[in-house]
Amino acid sequence: MNTIMRKSVLSVAGLAFAGGVFAGPIAAHAAAPVDAKPVAVAVQTTAPKPQGDQSHISLNDEQTANVKAIIAATKKAGLPERAAVISIATSLQESKLENLGHLGDANDHDSLGLFQQRPSSGWGTPEQITNPEYSTTAFLKGLRQVDGWQDMALTDAAQTVQVSAYPDAYAQWEQQATDLVGQHWNS
């Protein structure tokens, strides 16, 4: 909620409270009983604004299938869209949403799959890590262990799970990840 809207809501709430404190006891005795029901108040929330400059890549069919696999695993884990956004942004940074096998001399240690997880670090076997559902579930398991991940900046949540040498790099993919989740979450 922006500052002006927040101040407006707080001002109205303050006036309503003050009116109730001062006029409430007097009005309560004079008014007839009312069969009142609680009123639901809708509060508009917005996704956090992406941090820093944003990157974007065009996706091929395999990358789009991997987006859908990440979303499906997130839903299966019972986690909200924000978890899928963090997962997809992480995979965009780590592998550009490509399920990478061993890259020979270009490999970063023994990193594999969408999230560049390492068998030697306990993420699973090479076969497991290169399975999009398994690797996403493993990432989400790590994310769930991060206290307050839902309210953290995306890059902080992703870095806490991934422990990357480039901790701020995840932020550049937040807008594209948000757009992809918006496009595929209900499809």
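Here is a short report on the structure shown in this document. (Residues numbered from 1 in each chain as written. Predicted model: local features only at pLDDT ≥ 70, side-chain atom pairs only at ≥ 80, totals over all residues. Heavy atoms only, no water.)

## Digging into the pattern of salt bridges
Under the convention used in this document: Just to be clear on terms, a salt bridge is a Lys or Arg side-chain nitrogen sitting within 4 Å of an Asp or Glu carboxyl oxygen. Under the scheme used here, helices are H or I runs from DSSP no shorter than 4 residues and strands are E runs no shorter than 2 residues, and both carry numbers assigned from the N terminus.
Within the structure shown, the criterion is met by two salt bridges. One salt bridge connects E133 with K76, and the closest N-O pair in it is separated by 2.8 Å. With E133 in helix 5 (residues 132-144) and K76 in helix 2 (residues 61-76), this pair connects stretches of sequence that are 57 residues apart.

## Notes on the nonpolar core
Here is the rule: To define a nonpolar core, start from buried Ala, Val, Leu, Ile, Met, Phe, Trp, Tyr and Cys residues and group those joined through side-chain atoms within 4.5 Å. For the exposure calls, accessible area comes from a 1.4 Å probe over protein chains only, and a residue counts as buried if that area is under 20% of its type's maximum, exposed if over 50%, partly exposed in between. Throughout, a contact is declared for two residues whenever any of their heavy atoms are within 4.5 Å.
Of all hydrophobic cores here, the largest spans 33 residues; its most connected members are I86, I88, L143 and W149. Elements supplying a minimum of two residues to this core: helix 2, helix 3 (81-95), helix 5, helix 6 (154-162) and helix 7 (174-184). A per-element tally of this core places helix 3 first, with seven residues. If we skip the residues at most four places from it in the chain, I88 touches V67, I70, I71, L97, A177, L180 and V181.

## Thoughts on the packing of helix 3 against helix 5
Each pair of packed helices gets described by two things: the angle between the helix axes and the distance between those axes. The criterion, for reference: For every element, the axis is a line fit to its C-alpha atoms; helices are fit only across the contacting stretch, and the angle between N-to-C directions ranges from 0 to 180 degrees. Any angle between 65 and 115 degrees counts as roughly perpendicular, while under 35 counts as roughly parallel, over 145 as roughly antiparallel, and the rest as oblique. With the far helix as reference, a near helix turned anticlockwise by less than a right angle produces a left-handed crossing, and one turned clockwise produces a right-handed crossing. Three residue categories are used. Nonpolar comprises Ala, Val, Leu, Ile, Met, Phe, Trp, Tyr, Cys and Pro, charged comprises Asp, Glu, Lys and Arg, and polar comprises the others, including Gly.
Closest axis-to-axis distance for the helix 3/helix 5 pair is 11 Å, and the angle between their directions is 120°. It follows from the interaxial angle that helix 3 and helix 5 lie oblique. Here helix 3 runs over helix 5; the crossing is right-handed. In this structure, helix 3 uses A83, I86, S87 and T90 to contact helix 5, whose residues at the interface are F139, L140 and L143. Per-class residue counts for the contact of helix 3 with helix 5 are five nonpolar, two polar and no charged.

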